[in-house]
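Letter by letter, the chains look like this.
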Amino acid sequence: MMKRRLKHILSDHSKKNGMLLAAGTIAAALAFGMPASYLVSGQQAVASVQKTVAEDISGTTTDHQASVTGVSSGKKASGLPEIVCRNSKNTKLTADAKKVRNVVKAFAGAYFGKDASGIRGLLTDSSSGNVFVYQGAADKVPHVVITGYDQINGVYCYTSLTYYKNAKKTGKQNLEIALIKTGKKWRITSYGLLSKDAQNIKKMLTGFISAYFDGSADRIQPYLADTYAEDVKTFEGAKDQVTVVAIKGLQQTGKKKAGDTCEVSVEYQEGGGSYQYLTVTVVKQADGWKVAFYGVEM
């Protein structure tokens, strides 16, 4: 792995270990909007995507206003969880965002419907890794929330399925999905479940990143590791112009023990400009995951 120069060098640890993961990984956008007003069955989503994924969907209403013609069923399919789509922004979806959303809905229907061939039909020709489906009882899953489809980075998009294994809301799972645009179509390049440690890192980073971009050094303090001894830096730009796209590097994180570290990259965009990356090294302490280093990649 190549060492990269960082704009902020904030700890001796990072000077020795400032390598970025070459992450082809995915994560959801940090901020959720109001839930969409439609619920889609897996079978209908698959059929709809096969017909419309390469073209725009009719209708101009947003997810928050009404169901999309030809896609929404408004009810739960027998034996499958309800599929709920949430925009991160209360705005109209672009044509590409609609296409990504439909592909991910179709994937969710096939994943929980245990239809491996259906999943293969949504993958790119170059997708690597084994095709796997949900291993539990799909009829026990109350609903699945899809996010991230409206956070598109050029020809890439990173989305997330979040669900509980049962109605008691135990066994929370995050399934991360990466997509790429090939021609006019969007296809899945990879997908995978986050480990428990990866989920805990993601939860901690959500608070840390919010404090960082809000410019609040006091709010950052609780997220810092015991070994962190450098000045606390915050975002220097206009916080209301920042869009956080994804946290990359979580999918490779397996089970960790106290003292283990991981490096992730926070992808964000400021004012519609180019994409930038905040590198974060996290360490597992007795009291959970903490930030040992962070800095902006140049």
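One can find the structure itself at the top, above this paragraph.
On a predicted model such as this, the values are computed, not experimentally measured, just so you know. (Residues numbered from 1 in each chain as written. Predicted model: local features only at pLDDT ≥ 70, side-chain atom pairs only at ≥ 80, totals over all residues. Heavy atoms only, no water.)

Asks: How do you make sense of the environment of Gly 109 when you look at a structure like this?
Replies: Turning to its location among the elements, Gly 109 is positioned in helix α3 (residues 95-112). Overall, Gly 109 belongs to the buried group, its relative accessible area being 7%. As a C-alpha pair, Gly 109 and Ile 119 span ten residues in sequence and 9.0 Å in three-dimensional space. (Helix = DSSP H or I, 4+ residues; strand = E, 2+ residues; numbered from the N terminus. Buried < 20%, exposed > 50% of the residue type's maximum accessible area, 1.4 Å probe, protein only.)

Asks: How do you make sense of the nonpolar core when you look at a structure like this?
Replies: Among the nonpolar cores identified, the biggest contains 33 residues, and Phe 107, Phe 112, Leu 161 and Ile 188 are the most heavily contacted of them. Contributing elements (two or more residues each) for this core: β2 (82-86), α3, β3 (143-147), β5 (156-163), β6 (173-182) and β7 (185-193). In terms of residue count, the dominant contributor to this core is α3 (ten residues). Excluding residues within four positions of it along the chain, Phe 107 makes contact with Ile 119, Leu 122, Leu 161, Leu 175, Ile 177, Ile 188 and Tyr 191. (Core = buried A, V, L, I, M, F, W, Y, C linked by side-chain atoms within 4.5 Å. Contact = heavy atoms within 4.5 Å.)

Asks: Can you walk me through the pairing of β3 in this structure?
Replies: Along any regular strand, the residues point their side chains to alternate faces of the sheet. Of all five residues that make up β3, four are buried, and the element is covered over most of its length. Of the strand pairs in this sheet, β2 and β3 are connected by four bridges, and their pairing is parallel. Bridged to Cys 85 within β3 is Ile 146. (Pairing = 2+ DSSP bridges.)

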